[in-house]
Structure formats: structure tokens, C-alpha cells
Amino acid sequence: MEKINALQVLSALSVETRFDAVKLLSVVGSDGLPAGELARRLGVRQNTLSDHLAVLTRSGILSSERQSRSIIYRFNPMVLQSLNAFLTRALAQNR
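Read on for a plain summary of the structure.

1. A word on the packing of helix 2 (residues 16-28) against helix 4 (residues 46-59)
A pair of packed helices can be characterised by two numbers: the angle between their axes and the separation between those axes.
Here comes step 1: Following both chains from N to C, one finds helix 2 and helix 4 inclined at 70°, their axes separated by 10 Å at the closest point. It follows from the interaxial angle that helix 2 and helix 4 lie roughly perpendicular. Here Thr17, Arg18, Ala21 and Val22 of helix 2 come into contact with helix 4, specifically with Leu49, His52, Val55 and Leu56.
Here comes step 2: Counted by class, the contact of helix 2 with helix 4 contains five nonpolar, two polar and one charged residues.

Structure below.
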């Protein structure tokens, strides 16, 4: 992971609603959830959540897949593992 990507991921996670969406999707697992169900479970309006989901998808934390009339969102744990590795290396260099 490059510095710019790490900053994008950190920025995406810095909003409570986005963090909560990632947390929920990480618990749900590889089946993911449709956007409407995510909004319902988080208690957020769908149009508000769609902006948050777009940011998370652009950062790579989430992936999305259209299934019929729904968009299913899934958590991508590899992005956070890459972020962790990047931060560990970057912080170790400053010692």
C-alpha cells in the first residue's frame, strides 16, 4: 500500500457512519448486505448512506455487486490488512 492509499482508507474510516458500516459488513461476512438493509440496520437514510458507501468503495474497503435491483456491499479485509502492514512499516522507520 502506498501512502496516498493509506490516507484515503484512513479518511474513509474517519466518519462514524462509514466506520459503523464497515464494522457491520465485517460481521456479516462474505454474503454482504444490500444497501437498503445496511441503511435499515444502521438507522441511516438510504440517500445519505449511498454517499458513504461510495467513499468506502472508492477506497477499496468495500466492494459492490449489482444483483437484480439491489447493490450488495461486501467488506474487503485485505485493504485493512495492507493498511496495518503499511502503518507498521512506516512507524518502524521513525524509530
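2. A closer look at the pattern of salt bridges
Here comes step 1: Here the structure, examined in full by the defined rule, presents three salt bridges.
Here comes step 2: For Glu37, the salt bridge goes to Arg41, with nearest N and O atoms at 2.8 Å. Here Glu37 and its partner Arg41 are both found in helix 3 (residues 35-42), four residues apart, which amounts to about one turn of the helix.
Here comes step 3: Between Arg74 and Glu65 there is a salt bridge, and its shortest N-O distance comes to 2.9 Å.
Here comes step 4: The network of salt bridges with shared partners includes Glu37, Arg40 and Arg41.

3. Considering the pairing of strand 3 (residues 70-75)
Here comes step 1: Alignment of strand 1 (residues 33-34) against strand 3, held across two bridges, turns out to be antiparallel. Bridging across to strand 3, Pro34 finds its partner in Ile72.
Here comes step 2: Taken together, the six bridges between strand 2 (residues 62-67) and strand 3 define a ladder with antiparallel strand orientation. Looking at strand 3, one finds that Arg66 is bridged to Ile71.
Here comes step 3: From the end of strand 2 to the start of strand 3, which pair antiparallel, there are two residues, and Ser68 there has a positive phi angle of about 60°.

4. Here we look at the nonpolar core
Here comes step 1: Counting residues in hydrophobic clusters, the biggest one holds 21 residues, and the most contacted among them are Leu38, Leu56, Ile61 and Leu62.
Here comes step 2: Listed by contribution, the elements that provide at least two residues to this core are helix 1 (3-13), helix 2, helix 3, helix 4 and helix 5 (77-93).
Here comes step 3: Beyond its immediate sequence surroundings of up to four residues, Leu62 is in contact with Val22, Leu25, Leu53, Leu56, Thr57, Tyr73, Arg74 and Phe75.

5. Notes on the sheet that holds strand 1
Here comes step 1: In spatial order, the strands read 1-3-2; together these three strands make up an open sheet with antiparallel pairing. Whereas interior strands pair on both sides, the edge strands pair on one side only; in this sheet they are strand 1 and strand 2.
Here comes step 2: Docked against the sheet, helix 4 engages strand 2 and strand 3, running at close to 115° with respect to strand 2.

6. Some thoughts on helix 1
Because each turn of an α-helix spans 3.6 residues, side chains separated by three or four positions in sequence point in the same direction.
Here comes step 1: Buried residues of helix 1: Ala6, Val9, Ala12 and Leu13, and no others. Angularly, the buried residues of helix 1 cover 130° about the axis, an arc narrow enough to put them on a single face. Residues Lys3 and Ile4 are exposed on helix 1 and point more than 90 degrees away from its buried face.
Here comes step 2: Against the buried residues of helix 1 lie helix 2, helix 4 and helix 5.

Cut-offs applied
Residues numbered from 1 in each chain as written. Predicted model: local features only at pLDDT ≥ 70, side-chain atom pairs only at ≥ 80, totals over all residues. Heavy atoms only, no water. Axes fitted to C-alpha atoms, helices over the stretch in contact; angles between N-to-C directions. Helix = DSSP H or I, 4+ residues; strand = E, 2+ residues; numbered from the N terminus. Parallel < 35°, antiparallel > 145°, perpendicular 65-115°, else oblique. Contact = heavy atoms within 4.5 Å. Nonpolar A, V, L, I, M, F, W, Y, C, P; charged D, E, K, R; others polar. Salt bridge = Lys/Arg side-chain N within 4 Å of Asp/Glu carboxyl O. Pairing = 2+ DSSP bridges. Core = buried A, V, L, I, M, F, W, Y, C linked by side-chain atoms within 4.5 Å. Buried < 20%, exposed > 50% of the residue type's maximum accessible area, 1.4 Å probe, protein only. Arc of directions from axis to C-beta.

That's the geometry; what it means functionally is another story.
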